[in-house]
Amino acid sequence: MSEVRYMEKAIEAALQNVISKHGGPFGAIVVKDGKIIGIGRNEVTSSNDPTAHAEVQAIREACKNLNSFQLDGCEIYTSCEPCPMCIGAIYWARPKVVYYACTKEDAAKIGFDDQFIYDQLALPMENRKIPMKQLLPENGDLPFRNWENSHDKIEY
């Protein structure tokens, strides 16, 4: 199947999501060695989960199918340029490439504007809309110290 056909599958997932009134107009698929191993649709409103974006859902399914926490050698096709959260998830998953159809500007035109998140990330923490303050009790770093000294850890 060609790259265009895979993208058409991601767009079809997004369209079906809108038609079924299941969630937002976003779909994504993960492909490995020419086989679709993960399909995701935006399920934020239907699952009451703000992290249930199409890319995250597709990554979760693909990783489950691969029995791996990484997407080595995989391609992600998504109906829209990923938001900041999905970009983070994509980098943690480590696919070899991401293809997208619509841009973040296209999404903003229909009410999905992530620019405020990009703007917030560029600010120092003390200037962000949602306060982020360190609160480190005594031994608050104990999990980190244990991880550092563990001989059984699986690094990622």
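For the structure, check the block above.
Residues numbered from 1 in each chain as written. Predicted model: local features only at pLDDT ≥ 70, side-chain atom pairs only at ≥ 80, totals over all residues. Heavy atoms only, no water.

A. Structural view of the sheet that holds strand 3 (residues 74-80). Pairing within the open sheet is mixed, and its four strands lie in the order 2-1-3-4. Of all the strands in the sheet, the pair left with one neighbour each is strand 2 (35-41) and strand 4 (97-102). Strand-to-strand, the axes of this sheet are offset by a mean angle of 15°, without reference to chain direction. Here strand 3 pairs with strand 4 via five bridges, running parallel. (Pairing = 2+ DSSP bridges. Helix = DSSP H or I, 4+ residues; strand = E, 2+ residues; numbered from the N terminus. Axes fitted to C-alpha atoms, helices over the stretch in contact; angles between N-to-C directions.)

B. Here's a closer look at the side chain of N17. Positionally, N17 belongs in helix 1 (residues 3-19). Judged by its relative accessible area of 1%, N17 is buried. Of the polar contacts made by the side chain of N17, one reaches the backbone oxygen of N42; its length is 2.6 Å. When residues no more than four places from it in sequence are discounted, the contact partners of N17 are H22, G23, G24, F26, R41 and N42. (Buried < 20%, exposed > 50% of the residue type's maximum accessible area, 1.4 Å probe, protein only. Polar contact = N/O pair within 3.5 Å; in protein donor to acceptor, adjacent residues only side chain to side chain. Contact = heavy atoms within 4.5 Å.)

C. Representation of helix 1 in the model. Taking 1.5 Å as the rise per residue, helix 1 with 17 residues should run 24 Å; its terminal C-alpha atoms sit 24 Å apart, in good agreement. Three or more residues of helix 1 are buried, namely Y6, M7, A10, A13, A14 and N17. Each buried residue of helix 1 lies within a common arc of 110° when the element is viewed along its axis, so the set occupies one face. In helix 1, the exposed positions angled more than 90 degrees off the buried face are occupied by V4 and I19. Tucked into the core, helix 1 has its buried residues touching strand 1 (27-32), strand 2, strand 3 and strand 4. (Expected span 1.5 Å × (residues − 1). Arc of directions from axis to C-beta.)

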